[in-house]
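In case you want the letters, here they are:
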Amino acid sequence: MQHIIRACDRLTRQAEDVIVLEGPYDQPYQVLSPLWEVRSDVSRLLHELEHGDVLTALEQSGGACLRGLPDSAWVVRRRAELATAVLGALEPLIAGAEAAGAAQDVVRLTSAGLRVLPEQRGLAERRLQAARACESEDGVASFQAELKMLGGA
């Protein structure tokens, strides 16, 4: 146990610029120094959605965000924040494409959204509906199979 305590103490001293102690004297805890910033794939994508081209940001993303992490409260909150931002950014674009009768654009926009939010059933349903108007039978069948896996029609 003493070996572990010494190793942790040594690590804390080596990382003093990165990890700082906060809290009361009798119950201190370690936090990341305010001088450092940690960016996740979610924070990067949120920034790009706010400051860039929505479609390009989604198409260039690495897919589902925070992949492989257990569902901690922080992860669930960040994923929900991302879903809200993605759907909020996409909705006017999809609605505009639907109003213009641009089914191919609807398929492209919903596909980009599903790249980041693969379990978003609403996007999958809208993509299938648009695909029926413009895609080949293979595309419709593929989208229909994906929707079925999500518990849809």
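All figures in this text were calculated on a predicted structure; none of them were measured in a lab.

A. Inspection of the pairing of strand β1 (residues 19–22) at higher detail. Pairing geometry for β1 and strand β2 (residues 29–32), over 4 bridges, is antiparallel. Counted as the bridge partner of Glu 22 is Tyr 29 from β2. Connecting β1 to the next strand, β2, in antiparallel fashion are 6 residues, including Gly 23 with a positive phi near 95 degrees.

B. Structural context of the nonpolar core. Leu 45, Leu 49, Leu 58, Leu 82, Val 86, Leu 90 and Val 116 are the most contacted members of the largest nonpolar core, which totals 34 residues. Those elements that place two or more of their residues in this core are α2 (41–51), α3 (54–60), α4 (73–99), α5 (103–116), α6 (121–134) and α7 (137–149). Considering every element that reaches this core, the biggest residue donor is α4, with 8 residues. Not counting residues up to four positions away in its chain, the partners in contact with Val 116 are Leu 45, Leu 58, Ser 61, Gly 63, Ala 64, Cys 65, Leu 82 and Val 86.

C. Quick peek at the pattern of salt bridges. Inspection of every chain in the model, using the stated rule, returns 8 salt bridges. One salt bridge in this structure joins Glu 48 and Arg 44, with 3.6 Å as the shortest N-O distance. Placement of both Glu 48 and Arg 44 in helix α2 is noted, with a separation of 4 residues, approximately one turn of the helix. A relative accessible area of 33% means that Arg 44 is categorised as partly exposed. Here Arg 78 and Glu 81 are joined by a salt bridge, their closest N and O atoms 3.1 Å apart. With a gap of 3 residues between them, Arg 78 and Glu 81 both fall in helix α4, about one helical turn apart. Residue Glu 81 is classed as partly exposed on the basis of its relative accessible area of 37%.

Rules behind the numbers
- Starting from 1, residues in each chain are numbered consecutively following that chain's sequence as written.
- Confidence filtering applies because this is a predicted model: local features only for residues at pLDDT of at least 70, side-chain atom pairs given and counted only at 80 or more, and all residues used for totals across whole chains, interfaces and linings.
- Where side-chain values are given, they derive from all heavy atoms of the structure, hydrogens and water being excluded.
- A pair of strands counts as paired when DSSP detects no fewer than two bridges linking them.
- Here a strand is any run of E in DSSP of at least two residues, a helix any run of H or I of at least four, and the numbering for each starts at the N terminus.
- What we call a nonpolar core is a set of buried Ala, Val, Leu, Ile, Met, Phe, Trp, Tyr and Cys residues that are connected through their side-chain atoms within 4.5 Å.
- Three exposure classes are used, based on accessible area relative to the maximum for each residue type with a 1.4 Å probe and protein chains only: buried under 20%, partly exposed in between, and exposed over 50%.
- In what follows, a contact means two residues having at least one pair of non-hydrogen atoms within 4.5 Å.
- Salt bridges are identified by distance alone: a Lys or Arg side-chain nitrogen within 4 Å of an Asp or Glu carboxyl oxygen.

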